[in-house]
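These are the residues of each chain, in order.
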Amino acid sequence: MNVIETTGLGKRYGRTWALRECTLAIPQGSLAALVGPNGAGKTTLMQMAVGLAVPSAGAVTVLGGQPAGSAAALDGIAFVGQDAPMHKNLSAGDMLHLTKNLNRSFDLHYAQARLAQLGIPLKRKSGKLSGGQQAQLALTLALARRPRLLILDEPLAMLDPLARHDFMATVMAAMADDGVSVLLSSHALAELERVADYLVLLSGGMVQLDGEVEELLACHRVLTGPAAEADAYAKRLNVILARRAEAQAHLLVRSGGIPEPAAPGWQAHTVSLEELVMSYLRSPGADVRSLVPQEVAS
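None of these values were measured; they are calculated from a predicted model.

**Regarding the packing of helix H5 (residues 131-143) against helix H6 (residues 161-178)**
Describing two packed helices takes the angle between their axes plus the distance from one axis to the other.
Step number 1: Contact geometry of H5 with H6 gives a least axis separation of 10 Å together with a crossing angle of 10°. On the basis of their axis angle, the class for H5 and H6 is roughly parallel. Counted together, Gly132, Ala135, Gln136, Leu139 and Leu143 of H5 and Ala163, Asp166, Phe167, Thr170, Val171 and Ala174 of H6 form the full contact between these two elements.
Step number 2: Within the contact of H5 with H6, the residues separate by chemical class into seven nonpolar, three polar and one charged.

**Some remarks on the packing of aromatic side chains**
Pairs of aromatic rings are described using the distance from one ring centre to the other and the angle between the two planes.
Step number 1: Applying the stated criterion to the full structure yields one aromatic pair.
Step number 2: Cation over ring: Lys11 sits above Tyr13, and NZ or CZ is 5.4 Å from the ring centre.
Step number 3: Above the ring of Tyr110, the side-chain terminus of Arg146 is found at 4.3 Å from the ring centroid.

**Description of the pattern of salt bridges**
Step number 1: As enumerated under the stated definition, the model contains four salt bridges in all.
Step number 2: Here Arg146 makes a salt bridge to Asp178, at a shortest N to O gap of 3.5 Å. Remark: Asp178 occurs in helix H6 and Arg146 occurs in the loop between H5 and strand E7 (149-153); sequence separation between them is 32 residues.
Step number 3: A residue is classified by how much of its surface remains accessible, and Asp178, at 49% relative accessible area, is partly exposed.
Step number 4: Linking Glu191 and Arg194 is a salt bridge whose minimum nitrogen-to-oxygen distance equals 2.5 Å. Note that Glu191 and Arg194 are positioned in helix H7 (residues 189-195) at a spacing of three residues, about one turn of the helix.
Step number 5: Look at Arg194 and you get exposed, because its relative accessible area is 52%.

**Let's talk about helix H1 (residues 42-50)**
Step number 1: Across the nine residues that make up H1, a large majority, seven, are buried.
Step number 2: For H1, the full list of buried residues reads Lys42, Thr44, Leu45, Met46, Met48, Ala49 and Val50.
Step number 3: Backbone geometry just after H1 places Gly51 at a positive phi near 100°.

**Here we look at the sheet that holds strand E2 (residues 16-27)**
Step number 1: One open sheet holds the four strands; their spatial order is E2-E1-E4-E5, and the pairing between them is antiparallel. Each edge of the open sheet carries a strand with a single partner, namely E2 and strand E5 (66-67).
Step number 2: For strand E1 (residues 2-13) and E2, the ladder comprises eight bridges, and the chain directions are antiparallel. Across the sheet, residue Leu9 finds its bridge partner in E2, namely Cys22.
Step number 3: Sheet strands in contact with H1 are E1, E2 and strand E4 (57-62), and its direction is about 120° off that of E1.

**Quick look at the environment of Ala40**
Step number 1: Along the polypeptide, Ala40 turns up in the loop between strand E3 (31-35) and H1.
Step number 2: Between the alpha carbons of Ala40 and Gly205 there is a distance of 4.9 Å; along the sequence they are 165 residues apart.
Step number 3: In contact with Ala40, other than residues within four places in its own chain, are Ala18, Leu202, Ser203, Gly204, Gly205 and Met206.

**A look at the confidence of the model for the chain**
Step number 1: In this model, the chain carries an average pLDDT of 89, and 94% of its residues clear a pLDDT of 70 or more.
Step number 2: By mean pLDDT, helix H11 (residues 291-295) is the weakest element of the chain at 33, and E4 is the strongest at 97.
Step number 3: Across residues 284-298, confidence stays below pLDDT 50; counting only partners more than four residues off in sequence or on other chains, it has 30 contacts.

**Let's talk about the packing of helix H3 (residues 92-102) against helix H4 (residues 108-118)**
Step number 1: It is at 11 Å that the axes of H3 and H4 come closest, and there the two elements cross at 160°. Judged by the inter-axis angle, H3 sits roughly antiparallel to H4. Remark: the crossing between H3 and H4 carries right-handed chirality. Residues Ala92, Leu96, His97 and Lys100 of H3 form the contact with H4, whose participating residues are Leu108, Ala111, Gln112 and Leu115.

What counts and what doesn't
For every chain, the first residue of its written sequence is number 1, and the numbers climb from 1 along that sequence. At least 70 in pLDDT is required for a residue's local features to be given in this predicted model, at least 80 for side-chain atom pairs to be given and counted, and no such filter applies to totals for whole chains, interfaces and linings, which use all residues. As a rule here, side-chain values cover all heavy atoms of the structure and leave hydrogens and water aside. Orientation is described by lines fitted to C-alpha atoms, with helices fitted over the stretch in contact, and by angles between N-to-C directions that extend from 0 to 180 degrees. For the purposes of this entry, the term helix denotes a DSSP run of H or I that reaches at least four residues, the term strand denotes a run of E that reaches at least two, and both are numbered from the N terminus. Comment on the angle field: the value is read as roughly parallel under 35 degrees, roughly antiparallel over 145, roughly perpendicular from 65 to 115, and oblique elsewhere. Residues are treated as being in contact if the distance between any of their heavy atoms lies within 4.5 Å. Just so you know the grouping, Ala, Val, Leu, Ile, Met, Phe, Trp, Tyr, Cys and Pro go in nonpolar, Asp, Glu, Lys and Arg go in charged, and all remaining residues, Gly too, go in polar. Centre distance within 6.5 Å is the pairing criterion for rings of Phe, Tyr and Trp, where only the six-membered ring of Trp is used; planes under 30 degrees apart are then read as stacked, over 60 as edge-to-face, and the remainder as tilted. Distance and angle both matter: a charge sits over a ring if NZ of Lys or CZ of Arg is within 6 Å of the ring centre and within 35 degrees of the ring normal. Here, a salt bridge means any side-chain nitrogen of Lys or Arg that lies within 4 Å of a carboxyl oxygen of Asp or Glu. Buried means the residue's accessible area, taken with a 1.4 Å probe over protein chains only, is under 20% of the maximum for its type, while exposed means over 50%, and partly exposed covers the values in between. In this description, strands pair whenever DSSP reports at least two bridges between them. The pLDDT value tells you how sure the predictor is about a given residue, anywhere from 0 up to 100. Two helices that cross are described as forming a left-handed crossing if the nearer one is turned anticlockwise from the farther one by less than a right angle, and a right-handed crossing if clockwise.

Here's what the structure looks like:
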């Protein structure tokens, strides 16, 4: 089953397309990392999956075919935005009761127990909580709805390293204990490499790359060799990004199957998730072969 599936999905504001021609199938049980520069369309995609925005083109379904925004879909999805919106003058306990009253399903006992475990006083006003505590409160409100899909829009942006670690530990526990699937938008590529098993890369409002992280890393590699041979060698390869110094060139290439051995004088290296993402972001949407004369230059 796919927790999010889109076909030709697009959203236009006036004459500007925030997202277009987006076709995805994110499988159940995954932690899907949604990455891309600001303005790439990440929040727009999430909003349409949640039902907060109506597509201008195409379609999006969730949780095995439920229309996004339908009652059945909303009961199974929880959403946490970047700013972890809170009523600053309400206490943490008040936020629990408010959320319970606004949702058909809410595990109040779980939420109270979790805040107690985190040392977050129920009587303290939300506006008086630290950034990490506010993020944990927002996550608790989401998880207490017992969702099947948790959508997180830049939840780590304002957190310090310890708070990020604690937040992600909670997310991973929810996946392991309750079978929650997760779509996580973040710029923290090092953090994502540790936890993500599926990748969606957006740039310029379009999908540049998507798939299982392990498979994507396996079919990409960096070839390092003599700069003088780079132009000729690159013509034989599916080059995503090429860079050359005075003596040495680095080619990030993608293979369709089992990679061929590197040519004599060249060495092959595996790529990290961060290297992969950054390479595609430096050449978004381009014909990969057209990059060779542009990037492999003195």
